[in-house]
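Fold and geometry: a report
The lines below spell out each chain.
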Amino acid sequence: MSFKYPLSFPVFEGNEKKYSNKAIEAGHLATYGEFIPKFERKLAREMHSHQAVALNSGTSALHLAMVLLGIGPGDEVICQSFTFCASANPIVYLGAKPIFVDSEKDTWNMCPELLEDAILSRIDQGKKPKAIVTVHLFGMPAKMNEILEIAGKYQIPVLEDAAEAVGSKYFGKFCGAIGKMGVYSFNGNKIITTGGGGALISDDVYLIEKAKYLSTQAREDLPYYHHLEIGFNYKMNNLAAAIGLAQLEQLNAWVKKRRLINQRYRELLDGFPGITFQEEPEGSYSNYWLSTILIDPDTNGISNDKLRVIFLKNDIETRFLWKPLHLQPVFKDMPYYGGNVSECLFKNGLCLPSSVTLTLDDQKLVVSHIEKELIKTLG
Ligand SMILES: *Cc1c(COP(=O)(O)O)cnc(C)c1O
């Protein structure tokens with residue numbers, strides 16, 4: 001479905017055509033070509049990380065990262081519950097078990113206190129978690145200082161799912177470059193896109209070299225195909241990398257634009273009863289990939305679903321926040337630590353149009369529909 005005011009629409013006004021033409025003219029569309037190393041080097045440089053490997057999706061990047069962390073059958077991995085299923089699915093691919101942890105109210109990301117409760121409880125039951133998957137949802141950095149302190153105390157590596165947080169910062173460090181490894185997604189509606197794509201970054205040169213090897217079918221450097229390990233076909237292709245390089249050149253401008261869009265929503269919705277926002281704590285700098293609001297029906301008598309339907313009728317695309325994974329039928333038997341924070345966020349939240357092409361007038365139009373509803377219910 002195509003909307004006049006889409007949630008997050010890609011823009012290709014930079015060097016995308018120039019670079020992709022160059023890739024086509026060179027005949028390099030697969031996993032050989034100039035744009036793959038160029039994209040990897042620029043991404044690593046931009047994120048102040050030593051190394052990056054470009055992959056064919058965020059999900060494959062998460063899967064590879066978990067392979068590199070040695071996660072296997074019978075292991076337990078702690079994962080933020082309030083996220084997209086791709087944060088946890090690779091845990092299951094590897095025969096391990098996800099242990100879900102609830103969010104905290106400010107950032108909507110993993111609650112550090114509940115994380116420690118979960119670690120202690122699992123250790124008590126005889127198994128120390130093998131890794132922690134934190135997420136920076138909608139671009140908002142999680143409370144990484146607290147999380148890393150707890151992870152360090154129990155010596156558990158932290159994998160950052162920064163799929164939505166390309167360009168977000170936390171106390172001067174880029175999201176994805178804070179934990180042991182970080183993952184980005186360049187899927188169609190993310191802040192930068194390669195059609196489908198992802199990346200894995202780390203300061204650990206060995207891990208990234210190993211990821212490059214495993215992502216290209218674990219092929220030995222010999223004149224014939226020789227395999228010592230089971231690999232994957234997870235590498236990004238040169239055509240995608242060409243588009244990615246052009247998109248990356250525009251990332252800083254787009255982060256500024258999405259932050260401006262979020263600021264405008266805050267100003268336009270200021271004083272509206274029962275409408276609140278995701279909080280950006282001191283030291284955090286969100287890319288505001290999506291601008292999101294919470295609607296409190298007890299205060300204003302309207303619900304997120306009512307608004308969603310009104311927006312739909314007016315050609316405006318909105319979306320619910322992620323349904324917590326511990327509430328997903330497919331994960332119903334997995335352990336969960338927490339209360340109802342993520343559940344309430346899901347029940348009350350709505351993602352608003354956040355494309356960089358959005359004008360102030362477009363945003364005023366979006367807000368006018370909320371205002372009309374509030375007038376109806378509150379008079
Ligand atoms: C988009 C997304 C992913 C998956 O990335 P793909 O490139 O679509 O495989 C993983 N985690 C989160 C939080 C995401 O939003």
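Quick caveat: nothing in here was measured; it's all calculated off a predicted structure. (Residues numbered from 1 in each chain as written. Predicted model: local features only at pLDDT ≥ 70, side-chain atom pairs only at ≥ 80, totals over all residues. Heavy atoms only, no water.)

A look at the sheet that holds strand β14 (residues 349-352)
Rules: When DSSP finds two or more bridges between a pair of strands, those strands are recorded as paired. Going along the chain from the N terminus, every DSSP run of H or I of four or more residues is numbered as a helix, and every run of E of two or more is numbered as a strand. Note on geometry: axes are C-alpha line fits, over the in-contact stretch for helices, and angles between N-to-C directions span 0 to 180 degrees. Should any heavy atoms of two residues lie within 4.5 Å, those residues are considered in contact.
Reading across from one edge, β10-β12-β14 is the order of the three strands in this open sheet, with antiparallel pairing throughout. Among the strands making up the open sheet, the edge pair consists of β10 (275-277) and β14. The average angle at which neighbouring strand axes cross in this sheet is 35°, direction not considered. Inspection of the sheet shows β10 paired to strand β12 (residues 291-295) by three bridges, in the antiparallel sense. When the sheet's bridge partners are listed, phenylalanine 277 is paired in β12 with isoleucine 293. In this fold helix α9 (residues 251-268) packs onto β10, β12 and β14, with an angle of close to 25° to the strand it touches most, β12. Across the sheet, helix α11 (residues 304-313) lies against β12 and β14, angled at about 25° from β14, the strand it touches most.

Points about helix α13 (residues 360-378)
What counts, and what does not: For a helix, the expected span equals 1.5 Å multiplied by the residue count minus one. To sort residues, take the accessible area from a 1.4 Å probe on protein chains only and compare it with the maximum for the residue type: under 20% means buried, over 50% means exposed, and anything in between is partly exposed. Within this analysis, the arc is defined by the directions that extend from the helix axis to the C-beta atoms.
A rise of 1.5 Å per residue sets the reference length of α13, with its 19 residues, at 27 Å; its end C-alpha atoms lie 26 Å apart and thus fit the reference within 8%. Of all the residues in α13, the buried ones are Asp362, Gln363, Val366, Val367, His369, Ile370, Glu373 and Leu374. What you see down the axis of α13 is that its buried residues fit within an arc of 135°, all on one side. Across α13 from its buried face, at more than 90 degrees, point the exposed residues Asp361, Ile375 and Lys376. Where the residues of α13 are buried, they touch α9, β10, β12, α10 (297-300) and α11. One or two residues past the end of α13 sits glycine 379, with phi positive at roughly 80°.

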